[in-house]
Amino acid sequence: MTHRSFAYESGGLPTNERLEFLGDSVLGLIITRELYTKFPGLDESRLSPLRSGVVNTKALAMIARQLSLGDYVRIGKGEESSGGRDKNSILADSLEALVGAIYLEHGLHLATSKVLEWFGPLIESANAQGAGIDGKTALQELAAARGVNAPEYEIEEFGPDHDKSFLALVVIGGERFAQGGGKSKREAEQVAAKLALEVLNARTT
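Note that the structure is a prediction, hence the values are computed from the model and not measured.

### A look at the overall build of the protein chain
Logical step 1: From N to C terminus, the protein chain includes nine helices and three strands.
Logical step 2: When the elements of the protein chain are put in sequence order from the N terminus, they spell out α-α-α-α-α-α-α-α-β-β-β-α.
Logical step 3: The C-alpha radius of gyration of the protein chain comes to 22 Å, more than 25% above the 17 Å expected for a compact globule of 205 residues.
Logical step 4: Considered along the principal axes of its C-alpha atoms, the protein chain spans approximately 65 × 40 × 25 Å.
Logical step 5: Here the protein chain holds 205 residues, and the buried ones make up 37% of them.
Logical step 6: Here the contacts in the protein chain between residues at least 6 apart in sequence split such that 53% fall between residues at least 24 apart.
Logical step 7: Just so you have it, the protein chain exposes about 11,700 Å², and 52% of that area is on carbon and sulfur atoms.
Logical step 8: Across the protein chain, the centroid of the 22 positively charged side chains sits 1 Å from that of the 28 negatively charged ones.

Structure (structure tokens):
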């Protein structure tokens, strides 16, 4: 768990960057296979953005914080003084290095077990929130799955022609949900759809 800043200040020690390189590929393989297996009804156009919603710097850093990886990373004095132990980039790289180390030491089976233990809730959350598809599509699919009428949108316009804003209200099965605003009808509808998704998903948790 040696960051390049520590290696540089210590006379050129080996860093964890080779492990990051390996771990990045191992992590990508495990998550891709899990999504492929778990969601057989999704095509590539849906799986790719869903994977991006799960495997990204912010998500990796979040999991690294849950594991307290920042406490174990060796970083240089400059990075230490600037809060490097809690930087998303350093934490994400450290998690990739950890995955690479687990793979080398224990093989793909254990690496898969640990990665899915860490990322499982994130995969479920991303899919439930419609990651990989736009809010309106996700909401329409959710409504269809629950056997209710397709979402309808009530639009209000405000302001002069050169500077209009829009407010959209989603109506599903006669129930009115929170409004969403935007500088175009589409933007307002997308915001409103995502708000409605959050409400509906919360009712099932």
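### Things to note about helix α3 (residues 44-54)
Logical step 1: For α3, every residue scored as buried is listed here: R46, L47, L50 and V54. End-on, the buried residues of α3 take up no more than an arc of 95 degrees, which puts them together on one face.

### Let's talk about the pairing of strand β1 (residues 152-158)
Logical step 1: Of the pairings in the sheet, the one linking β1 to strand β2 (residues 165-172) comprises seven bridges and is antiparallel in character. Paired with E156 across the two strands is L167, which belongs to β2.
Logical step 2: The turn joining β1 and β2, which pair antiparallel and follow one another in sequence, is formed by six residues; a positive phi near 85 degrees is taken by G159.

### Overview of the side chain of E20
Logical step 1: Note that E20 resides in helix α2 (residues 17-38).
Logical step 2: Of the side chains with opposite charge, R4 lies nearest to the buried E20, which makes no salt bridge, at 5.6 Å.
Logical step 3: The residues contacting E20, other than those within four sequence positions of it, are D93, E96 and A97.

### Notes on unusual backbone geometry
Logical step 1: At S68, a residue that is not glycine, the phi angle is positive and equals roughly 60 degrees.
Logical step 2: Secondary-structure assignment places S68 in the loop between α4 (57-66) and α5 (77-81).
Logical step 3: Using a relative accessible area of 32% as the deciding quantity, one classes S68 as partly exposed.

### Topic: α4
Logical step 1: Along α4, the residues that are buried comprise A59, L60, A61, I63 and A64.
Logical step 2: At the N-terminal boundary of α4, the capping side chain belongs to N56, with an oxygen 3.1 Å from the backbone nitrogen of K58.
Logical step 3: A positive phi of about 60 degrees marks S68, the residue just after α4.

Procedures and definitions
Residues numbered from 1 in each chain as written. Predicted model: local features only at pLDDT ≥ 70, side-chain atom pairs only at ≥ 80, totals over all residues. Heavy atoms only, no water. Helix = DSSP H or I, 4+ residues; strand = E, 2+ residues; numbered from the N terminus. Rg over C-alpha atoms; globule rule 2.2 N^0.38 Å. Buried < 20%, exposed > 50% of the residue type's maximum accessible area, 1.4 Å probe, protein only. Contact = heavy atoms within 4.5 Å. Areas by Shrake-Rupley, 256 points an atom, 1.4 Å probe, with all protein chains shown as cover. Lys, Arg positive; Asp, Glu negative; His and termini not counted. Charge placed at Lys NZ, Arg CZ, Asp CG, Glu CD. Arc of directions from axis to C-beta. Pairing = 2+ DSSP bridges. Salt bridge = Lys/Arg side-chain N within 4 Å of Asp/Glu carboxyl O. Polar contact = N/O pair within 3.5 Å; in protein donor to acceptor, adjacent residues only side chain to side chain.

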